[in-house]
Amino acid sequence: MHDVVPSWDSAFVDIEQEVLFELILAANYLDIKPLLDLTCAKVASMIKGKSPEEIRRTFGIENDFTPEEEAQIREENRWAEEA
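Residues numbered from 1 in each chain as written. Predicted model: local features only at pLDDT ≥ 70, side-chain atom pairs only at ≥ 80, totals over all residues. Heavy atoms only, no water.

**Some details on the side chain of Arg-56**
Right, on to step 1. By the element assignment, Arg-56 lies in helix H4 (residues 52-59).
Right, on to step 2. Filtering out sequence-adjacent residues up to four positions away, Arg-56 remains in contact with Ile-61, Asn-63, Phe-65 and Glu-70. (Helix = DSSP H or I, 4+ residues; strand = E, 2+ residues; numbered from the N terminus. Contact = heavy atoms within 4.5 Å.)

As structure tokens, this is what we get:
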């Protein structure tokens, strides 16, 4: 984030995950586009370069796919991992 936005902006969104998501909802509801863009960029930076398993751990997402379903999804979206 520090190399994408000014340092003050980066520090502003360096907050607990729950507060960050509440800020996203508030920015969306109040139609504050610059704040929505900033907070969503923070979430994107938290996702970038991580595997699906790491993303699930970061955001507390339960994997509800069977191994077969997950293998099928990975095969269908193999192009995304090559990019």
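After presenting the structure, the write-up continues.
**A look at a negative patch on the surface**
Right, on to step 1. Together, Glu-62, Asp-64, Glu-68 and Glu-69 line one region of the surface with negative charge.
Right, on to step 2. Take Glu-69: it is sitting in helix H5 (residues 67-76).
Right, on to step 3. Under the relative-accessibility criterion, Glu-69 is labelled partly exposed at 36%. (Patch = residues over 30% accessible without salt bridge, like charges linked within 9 Å, V, L, I, M, F, W, Y side chains within 5 Å. Areas by Shrake-Rupley, 256 points an atom, 1.4 Å probe, with all protein chains shown as cover. Salt bridge = Lys/Arg side-chain N within 4 Å of Asp/Glu carboxyl O. Lys, Arg positive; Asp, Glu negative; His and termini not counted. Charge placed at Lys NZ, Arg CZ, Asp CG, Glu CD. Buried < 20%, exposed > 50% of the residue type's maximum accessible area, 1.4 Å probe, protein only.)

**Thoughts on H4**
Since the α-helix advances by 3.6 residues per turn, residues separated by three or four positions end up pointing in the same direction.
Right, on to step 1. Restricting attention to buried positions, one finds in H4 the residues Ile-55, Arg-56 and Phe-59. When H4 is viewed along its axis, its buried side chains cluster within an angular range of 100° and face the same direction.
Right, on to step 2. Lining the buried residues of H4 we find helix H2 (17-29), helix H3 (33-47) and H5.
Right, on to step 3. Once H4 ends, the next one or two residues include Gly-60, with phi positive near 65°. (Arc of directions from axis to C-beta.)

**Describing the confidence of the model for the protein**
Right, on to step 1. For the protein, mean pLDDT is 93; residues scoring 70 or higher make up 99% of the total.
Right, on to step 2. Confidence, expressed as mean pLDDT per element, reaches its minimum in the protein at helix H6 (residues 78-82) with 81 and its maximum at H2 with 98. (pLDDT = per-residue confidence, 0-100.)

**So, a nonpolar patch on the surface**
Right, on to step 1. A cluster of nonpolar side chains, Tyr-29, Leu-30 and Ile-32, forms an exposed patch at the surface whose accessible area comes to about 370 Å².
Right, on to step 2. By the secondary structure assignment, Ile-32 is in the loop between H2 and H3.
Right, on to step 3. Looking at Ile-32, the relative accessible area reads 35%, which means it is partly exposed.

**Section: the packing of H2 against H3**
Right, on to step 1. Where H2 contacts H3, the axes come no closer than 8 Å and their chain directions differ by 145°. Between H2 and H3 lies a crossing of left-handed hand. Each of Gln-17, Leu-20, Phe-21, Leu-23, Ile-24, Ala-27 and Asn-28 in H2 lies in contact with H3, whose residues at this interface are Leu-35, Leu-36, Thr-39, Cys-40, Lys-42, Val-43 and Met-46.
Right, on to step 2. Of the residues contributing to the contact of H2 with H3, the split by class is ten nonpolar, three polar and one charged. (Axes fitted to C-alpha atoms, helices over the stretch in contact; angles between N-to-C directions. Left-handed = near helix turned anticlockwise from the far one by under 90°. Nonpolar A, V, L, I, M, F, W, Y, C, P; charged D, E, K, R; others polar.)

**Things to note about the packing of H3 against H4**
Right, on to step 1. Between H3 and H4, the shortest axis-to-axis distance is 10 Å and the interhelical angle comes to 130°. As far as their axial angle goes, H4 and H3 are oblique. Across the interface between the two elements, Val-43, Met-46 and Ile-47 from H3 touch Ile-55, Thr-58 and Phe-59 from H4.
Right, on to step 2. Here the contact of H3 with H4 is built from residues that sort into five nonpolar, one polar and no charged. (Parallel < 35°, antiparallel > 145°, perpendicular 65-115°, else oblique.)

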